[in-house]
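What follows is each chain in one-letter form.
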Amino acid sequence: MAMTAQHCPYSPQWEETADGERGRRGEEGAPVLDFDRPTPYVDYVGVDTLLGLKRPRTEEPAESAFILTTQVMELLFTLVAEQWEAARDALEADDVPGALAWLRRSRNAQDVLTGSWDLLADMTPTQFDRFRDSFGEASGFQSYTYRHLEFLLGNKSGPMVRPHKGMPKVAEQLHAVLERPGLYDAALRLLDRRGFPVPERAVERDWTEPYEEDPAVTEAWSQVYADERDGNELLLLAETLMDVAERVTRWRHRHLMAVKRTMGGKPGSGGSNGLAWLARNAEKDVFPELWRLRDTL
């Protein structure tokens, strides 16, 4: 049975106000202060649960900032993934305005993601070293929410699902993203349907494989850029994809710099070679042909 406002124990008693808005009246317009249970805000947002998730394992104060920053990023990863998936689905449905709206929303979340690194900007190597051993083999590359984003960007890798085999539902979700066209794939498929010379190997391929740059795709995008009319929605799409791509690179670079500043070239906790691995990832262009065509325009 669906729970209505009358049945919900946290729902206030609503009244219709003079201007048509709904709300429980306080004394002379003041906010309502009396609740028999935790406030509706705490219940709706899950504040108690959220604050209870910051569990430092050492006495080092910097560890709290490290945990909180990581948790904020994890939440934002899920938001960006929802927005990119909605944009991809809109492109597959030939809804370019809808895709643009979702991509523009995602830029805001990406900016907050990149700015989140500021919370760790003043962490010193000695502060980090005092709690680093506490998280053992934990490493950011084990984040399945971040892996979801990388798959949507076309950076596909079946082996990167393996760390999550102990979480069957997570592994299933990642396989589903792995086996579907990504955000850029959907854009190229749209160009193909609009009559641009996108090669067949970019329109129908093994989606579980990472996207590989193709000069023929660069040529297709160059034809899009040749039409500079204000109403060219495909040109708007290309530039909005560039906004997304640039923000991905900014985030990766801030990650690289944060690691370089706090631990230098030491091996990563997850078994990688740390700084070198992050540097290679930061150098990879997202949506490569959109960058490459700028060499010739």
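Residues numbered from 1 in each chain as written. Predicted model: local features only at pLDDT ≥ 70, side-chain atom pairs only at ≥ 80, totals over all residues. Heavy atoms only, no water.

Asker: Would you mind going over the overall build of the protein with me for this structure?
Answerer: Counting its secondary structure elements, the protein contains 13 helices and 2 strands. When its C-alpha atoms are laid out on the principal axes, the protein stretches across 65 × 55 × 35 Å. Every one of the 297 residues in the protein was classed for burial, and the buried ones make up 39%. Look at the contacts in the protein between residues 6 or more apart in sequence, and 68% of them connect residues 24 or more apart. (Helix = DSSP H or I, 4+ residues; strand = E, 2+ residues; numbered from the N terminus. Buried < 20%, exposed > 50% of the residue type's maximum accessible area, 1.4 Å probe, protein only. Contact = heavy atoms within 4.5 Å.)

Asker: How should I be thinking about the environment of Glu74 in this particular structure?
Answerer: Topologically, Glu74 is positioned in helix 3 (residues 62-92). With relative accessibility at 25%, the residue Glu74 sits in the partly exposed group.

Asker: Would you take a moment to explain helix 11 (residues 233-263) for this structure?
Answerer: The periodicity of an α-helix, 3.6 residues per turn, causes residues three or four positions apart to be oriented the same way. Taking 1.5 Å of rise per residue, the 31 residues of helix 11 would be expected to cover 45 Å, and the 45 Å separating its terminal C-alpha atoms lies within 8% of that figure. A positive phi of about 60° marks Gly264, the residue just after helix 11. (Expected span 1.5 Å × (residues − 1).)

Asker: Looking at this model, I keep getting lost on the side chain of Glu289. Mind explaining?
Answerer: Mapped onto the elements of the fold, Glu289 is located in helix 13 (residues 288-292). Buried and without a salt bridge, Glu289 has Arg292 as its closest oppositely charged side chain, separated by 7.7 Å. Look past the residues within four positions of Glu289 in its chain and what remains in contact with it is Tyr184, Tyr211, Glu212, Glu213, Asp214, Val217, Thr218 and Trp221. (Lys, Arg positive; Asp, Glu negative; His and termini not counted. Salt bridge = Lys/Arg side-chain N within 4 Å of Asp/Glu carboxyl O.)

Asker: Hey, could you run me through the packing of aromatic side chains in this one?
Answerer: Each aromatic ring pair is specified by the distance between its two centres and by the angle formed by the two planes. Summed over the entire model, instances satisfying the criterion amount to 14 aromatic pairs. The ring of Trp102 is capped by Arg105, whose NZ or CZ atom sits 4.5 Å from the centre of that ring. (Phe/Tyr/Trp six-rings, centres within 6.5 Å; stacked < 30°, edge-to-face > 60°. Lys NZ or Arg CZ within 6 Å of the ring centre and 35° of its normal.)

Asker: Mind showing me how you'd approach the confidence of the model for the protein here?
Answerer: Low pLDDT marks stretches whose predicted atomic positions should not be read closely. The pLDDT averaged across the protein works out to 91; a share of 91% of its residues lies at or above 70. Every residue in residues 1-7 scores below 50 in pLDDT, and together they form 4 contacts with partners more than four places removed in sequence or on other chains. In this model residues 9-14 is a low-confidence stretch, pLDDT under 50, and it forms 12 contacts with partners more than four residues away in sequence or in other chains. (pLDDT = per-residue confidence, 0-100.)

Asker: Can you help me understand a nonpolar patch on the surface in this one?
Answerer: Together, Tyr41, Tyr44 and Val45 line one region of the surface with nonpolar side chains, adding up to about 420 Å² of accessible area. Along the chain, Val45 turns up in helix 1 (residues 40-45). (Patch = residues over 30% accessible without salt bridge, like charges linked within 9 Å, V, L, I, M, F, W, Y side chains within 5 Å. Areas by Shrake-Rupley, 256 points an atom, 1.4 Å probe, with all protein chains shown as cover.)

Asker: What exactly am I supposed to notice about the nonpolar core here?
Answerer: Within soluble globular proteins, side chains that are nonpolar tend to cluster in buried spots. By size, the foremost hydrophobic cluster in this structure holds 70 residues, and its most contacted members are Trp84, Leu188, Trp221, Leu237, Leu241, Phe287 and Leu290. Here the element with the most residues in this core is helix 11; it accounts for 13 residues. When sequence neighbours within four positions are dropped, the list of residues in contact with Leu241 reads Leu103, Leu183, Ala187, Trp221, Phe287 and Leu290. (Core = buried A, V, L, I, M, F, W, Y, C linked by side-chain atoms within 4.5 Å.)

Asker: Sorry if this is basic, but what is going on with the packing of helix 8 (residues 183-193) against helix 11 here?
Answerer: Any two packed helices are characterised by the angle at which their axes cross and by the distance between the axes. Put simply, helix 8 and helix 11 touch, their axes get as near as 12 Å, and they point 165° apart. Accordingly, the angle class assigned to the pair helix 8 and helix 11 is roughly antiparallel. The chirality of how helix 8 crosses helix 11 is left-handed. Along the contact surface, helix 8 presents Leu183, Ala187, Leu190 and Leu191, while helix 11 presents Leu234, Leu237 and Leu241. Within the contact of helix 8 with helix 11, the residues separate by chemical class into 7 nonpolar, no polar and no charged. (Axes fitted to C-alpha atoms, helices over the stretch in contact; angles between N-to-C directions. Parallel < 35°, antiparallel > 145°, perpendicular 65-115°, else oblique. Left-handed = near helix turned anticlockwise from the far one by under 90°. Nonpolar A, V, L, I, M, F, W, Y, C, P; charged D, E, K, R; others polar.)

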